[in-house]
Each structure stands twice: as structure tokens, then as C-alpha cells.
Amino acid sequence: MANSDYSSWEELAKRELKGKSPSEHSWHSPEGIQVKPLYTKADSEHQNSNVTPHTLPGLPPYTRGAHATMYTGRPWTIRQYAGFSTATESNAFYKQTLREGGQGISVAFDLATHRGHDSDHPRVIGDVGKAGVAIDTVEDMKVLFDGIPLDRISVSMTMNGAVLPILAFYIVAAQEQGVKLEQLRGTIQNDILKEFMVRNTYIFPPQKSMRAVADIIQFTSQNMPRYNSISISGYHIQEAGADAALELGLTLANGKEYIKTALSTGLNIDQFAPRLSFFFGIGMNFYMEIAKLRAARMLWYEIVEQFSPKNRKSGLLRTHCQTSGWSLTEQDPYNNIVRTTIEAMAAVFGGTQSLHTNALDEAVALPSEFSARIARNTQLILQEESNITKVVDPWGGSHMMETLTAQIAEQARSIIKEMEKDGGMVAAIESGKPKRMIEQAATNKQARIDSNSETIIGVNKYRLQQEELLETLEVDNTKVRQEQMTALTKIKQQRDPQAATNALKALSLYAETGKGNGLELAITAAAARCTVGEITSALEQHWGRYQAQGVTVTGIYGQTFKEDENWIMIKNSILKFEQIHGRRPRMLVAKMGQDGHDRGSKIIASAFADAGFDIDLAPLFSTPEEVAKQAIENDVHLIGVSSLAAGHKTLVPQLIKTLKEQGADDIIVTCGGVIPQKDYKFLRQHGVRAIFGPGHPIPDAITEIMDLLNELS
């Protein structure tokens, strides 16, 4: 477009905008990128040549797509991430999913399994079967895939901490089904680095955990040519609060670290790089999510090229995507169907190879059969009714999209370089820097929502006066745990005790000396019917169990509200409390059980601290007894329990009971997080004084808690 044409457009736009300049209608994305109302050829010409439409799909640097024909040749794979209760119930769900159009299985494990504990371990009373399927032995894994041909069905498993026993169980289950190693197709997440930043389902320290990653890459490269040895995950980084550029930069930096780790085992780049895969989250920032996936392929090609590959597939980024769980709202929940559809379209326009769409009720519970069907049909409609699949990269050549792709790529490059400067991702994670960056982004986003500068329909705008209660799926945790414990006892009685003992001794020796391959030894232990907990304990004897230190960011949330009259009133009420009682209100923020998702608890801690509270953080994975002990010793006024993994009906009553037994029932207990409204009455009957569901504005929560404190005093 000639400059004169642009000037004419600008004058026309000014008249239509009643004298305002079009630039006043530009906006800044969460990444800080200015998104303009109009892009022209001049914008895209200033960007990196790799991003221009002169490149083609299927050719380096793969910006326009991983394959030449993309969905015109074959649509993306429809996957539904699921797992709950026992292996028997999850198996029935998987079979139904496959009958109704699902094309692959993605397994969600319960938190006890993630953390390497058997179902009879005293620390997992509230976790067994709740947020995923309970898997204690290879027998559970055989039931999970009973009647599902593992030589034909691709299986993705989200597992990181207990990755050695779980992958070993899968391999043995397949072999006992008559499937050969070279026939297995699928992916093990095996991305332990991001666990130390966000999801926290780690077991061993970073360096020891990386040994397990290396052994899996080595074993699968040599024995399982169709299997993806690692899925480098940005999804959980985004869910923890990172913007698209931070998610992309940290994820690719993790990928680079895994390349170096694999090379250290003696493999060359072409032996394993073609089987590395990625996993990105897709939120509501539609244009930026498309640009992110296009930039991801370009940047990964640049990274792999540094290691001189000979195979063109080594630098090809293939990715699975999942629509955002965090963007789902408890309020006006049928809006979530629309959100998921928009996010699914962004993933498809960005060129994903497979996709999971979240269900409308996942803001408060596991998906019901009804909601899971809608989520799955969302993808089927996109594939079979929309004609989206009939054009390869329809955004290629768009002046806006090429510009955004280049801009987000540049931000991600900067983050990758910063991590390299810090000594690589392992060193950066040990310093806590990436975790702080994510928590700052998460706190900033929550402040924007609570201050109404970012709109969430049904939450801070167009709110319903009366919310409709959803029927949600609930797992009988006590029943599942008892079934698992009975099965564990039976297996231990029936197995060859000497074979089990020898296998566990070999694993312990491996952990001590570093000799051998951990996955190969875990396969032997799995075949001998050793349990998840036993295999983990054998390694833990010499590797230890990692415990992160909780740190809270301050100043970010309060800065957004510094001129807000309501916020000023809240701070004044806290000052008044301090004047009356001689100290500030003190709160212990706690997560109990094996749930490591700490985005919500960290944001609450930051916001309350900015308001004027003294804040204590309970260590992750605390028991109710440990939380009660810390609360009493620190002389807190209240405990704020954050719940995400559905253990609240077991763990919170136990906490309140322990406080009463210790004569500390004057400590107020409140709950927040993913709690279905149908559980509110139960919690209140057991002594919970206030409950704050997803989307509850933090200033309102502080006001309610201050009313409770003033009432009791």
C-alpha cells in the first residue's frame, strides 16, 4: 500500500472514530506487544525474513506448518485427556471415547501416582483416584488398556515424577498383550524441568531427575522407534500464569536443555530429535496463540540447527495442544463451550498435530460424560463441518500474523538467551528465576481481572444474578482407595518375593552408582510386580526427595489498585485491626495432599500481603496435621486452604478436627479454588467459615475475611 493510500485510510478512520487517531484504538497484549487496528505490507517487510509468506508449509523453518499438506492430507488427531477413579472405570471411558470419534488416548494419573506413592501411603488419603486414575502396579496398567490394541492406538501419558515405573508398567502391559516394543506409538511427557517451575509433581532433585529423562530418551531411541520419548510442555507454564511469549521462551529453553542431556548419553542429534514433541496451552488471546505456534516451529528449527543435524525431521517441531483449563469459569459455565471453541480454532490455525478440548465443567470438577461429549464434538465439528481443514496455513501472508509471529519470536529468543546466560535451565530452575517470572505474570493477570481492566464475561461483566448449579462428576475417594489397597495386598502375596527384592536392589544400586539404564531396570521391576511406591523408594534411598522453598512475590497486585477507593478502604481496615490488636492479621496459606498446582495459593498470598496481612506459606504436600501444627506455632488468625484436586472433602474436615483436638479451634479456616458449589454446605457443616470459588474477586475475599476477624474479636 502506498503512503498516500495509508494517509487516506487514516483520515477516513479518524472521521469514523469521531476525530480520534486509529493508533488510540491499538492495544497491548499481555506480552507487551502493541496490536494495531491495521497492518500493511510495510509492517511485515520489517520483520525477520523467516516469517514472511515466501516460506512454504513442510519446509524449513516450518513456520507455515510441520507438513506440506497439513490438514488437507490428514486432520489433527482428536485426543481427550482423561483418567479417574480405578483403572476399570477409566478403561470404560476410553473405550466409549474411541467409539464416539476419539482417535487417541491421553491418560491422566492421580496425584498419588504422580508423586510415586502407592495408594496405601498415609500421605495420599485424599488423593487416590481423585484427579486421575490410580495406578499402583502393572496389573492396574493392564486393566487400564484391556481390550485396547496398543499396537494400533496411540497413547499419551502425562507423567513426569514417577516416569520410570509408569512407562515401565505401560511397556510390560503391552508386551503381555503381545505387542512388540517397536510397534508402540504414543508419548510420555517426561518433562521434569517444568515441574520445578509450575506443576510441582516432582519427586527427585533436578539433576537426578534429568538422569531419568536421559535414560528414557536413550532406551526409546534404541528400542521404540515410533514412540515420542518426551513431550516438552508449555501448557502447564501457561496455566500457571505465563503469557504466550514467556510460555514459548521457557518451553523451548527446556527443550534445548533436553537436547544437551540426550547428547551427553552418547546419542547423536538425529537418533532422538525426530521423536521429541511439544505440548502447548491455548488460551483466549486468539491472534497471539496462532502466532505462538508458528513462531515455535521457526525457533525450534533454529535451536536444533545449532547441533548440525543431518535428518531434516530433527528440526521439525510437532506439537499437541490443549485448550486452557484456567480460562474456564465457574460462573455462567456454558460460556466455557464458546471459549473452548475459540481456543480450539486458534490451535488449529496455528498448526497443531493433535488437540484436547476441555469440558465446560472442568472449572469445578472432573468432566461429566455429557460435558466430555460436547468437548469432543467441538473438534469433530471443526474437522467435518467448517472446511477449516481444506486450506494449508490460511494465515500465511497476513501482514498482521506475520508481524505478530516475528514479534513473539523475538521475545521468546530473548528469554532463551537469558536462560542460557544463567547457565541453562537446570541452573536457572535451581535459582528459582523462571518460577518467579511466571508468578509475577500470574499475579499481574489476576490484578487486571479483579480491577476489570481485562474482561471475563459472566465473572466481572454481565454477571448472572442467579447461577445455575451444574451436575458434576464426583469420585468416591474412600472406596477407590480401599479397592486399590486390597489389590496391592493381593499382588504382594502372589508375586515372587525374591524376584521383586532383586529388582529393587538393582534399582537402588543404579541410583547409587549411576551404572545402567533406569528404564530398563524399572521394566524388570514392573514385570516382577513391584509397585510404584517400591520402585520410587529404591531410587529415593540415594537420590533423595526434593522439597521446594515457597517464595511470594509482592507489590505487583497492590500496584494495580493503588488508586482504587475500595482497596484503600481495605488497607485502612487492616491498619485499624493492627492498632486494636497490636499486630497485623496473620494468615497461613496452605495446600494439602499431593496437589502441587500453586498458582492460586501464590496469588492469594501475594495479594493479601500487599493489602497488609502477614503471610505464612505451608510447604507443598503438607498433611492436615502438619498444617495445623504450623498454624498453631505461628499463632495465625486464619488458615486459607487452596484446593484444586478435589481432596477438600477429606482433608479440610481432618484439618479442623486436628485444630480442635489441639485446642486451637479459634483459628478460622477458609477455602478457595476448584470447589463445586454442591460441596459448600458440607464444608460449612464441618466448620469452614468462608468459601471462595473460581473467579471470586480477591478484594471481596479480603473484605469478607476482615469481617470475620472483626466479628470474632
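**Observations regarding the pairing of strand 12 (residues 586-590)**
Where burial is concerned, most of strand 12 is hidden: four out of the five residues are buried. Of the pairings in the sheet, the one linking strand 12 to strand 13 (residues 614-617) comprises four bridges and is parallel in character. Bridged to Met-587 within strand 13 is Ile-615. Each parallel crossover has a hand, and for strand 12 linked through helix 25 (residues 599-611) to strand 13 it is right-handed. Sheet analysis places strand 12 next to strand 14 (residues 638-643), joined by four bridges and oriented parallel. Counted as the bridge partner of Val-589 is Gly-640 from strand 14.

**Observations concerning the packing of aromatic side chains**
Evaluation of the coordinates by the stated rule reveals 22 aromatic pairs. Relative to Trp-76, the ring of Tyr-71 has its centre 5.1 Å away and its plane inclined at 70 degrees; by these criteria the two rings are edge-to-face. Each of the two residues, Tyr-71 as well as Trp-76, counts as buried. A cation sits over an aromatic face here: Arg-115 above Phe-621, 3.4 Å from the ring centre. If you follow Lys-649 out to its NZ or CZ, it ends over the ring of Phe-682, 5.0 Å from the centre.

**Comments concerning the nonpolar core**
The tendency in soluble globular proteins is for nonpolar side chains to be buried as a group. If you look at the biggest cluster of nonpolar residues, it comprises 81 residues, and the most contacted ones within it are Leu-250, Leu-252, Phe-272, Trp-300 and Ile-438. The biggest single contributor to this core is helix 13 (residues 286-305), with 12 residues. Of all hydrophobic cores here, the second largest spans 67 residues; its members include Phe-84, Val-128, Leu-504 and Ala-522.

**Observations regarding the side chain of Ser-156**
Relative to the helices and strands, Ser-156 is located in strand 5 (residues 155-157). If near-sequence neighbours (up to four positions away) are discounted, Ser-156 is found in contact with Arg-79, Ile-105, Ser-106, Val-107 and Thr-187.

Analysis parameters
Residues numbered from 1 in each chain as written. Predicted model: local features only at pLDDT ≥ 70, side-chain atom pairs only at ≥ 80, totals over all residues. Heavy atoms only, no water. Buried < 20%, exposed > 50% of the residue type's maximum accessible area, 1.4 Å probe, protein only. Helix = DSSP H or I, 4+ residues; strand = E, 2+ residues; numbered from the N terminus. Pairing = 2+ DSSP bridges. Right-handed = clockwise from strand over helix to strand, strands pointing away. Phe/Tyr/Trp six-rings, centres within 6.5 Å; stacked < 30°, edge-to-face > 60°. Lys NZ or Arg CZ within 6 Å of the ring centre and 35° of its normal. Core = buried A, V, L, I, M, F, W, Y, C linked by side-chain atoms within 4.5 Å. Contact = heavy atoms within 4.5 Å.

Honestly, it's all geometry; don't read function into it.
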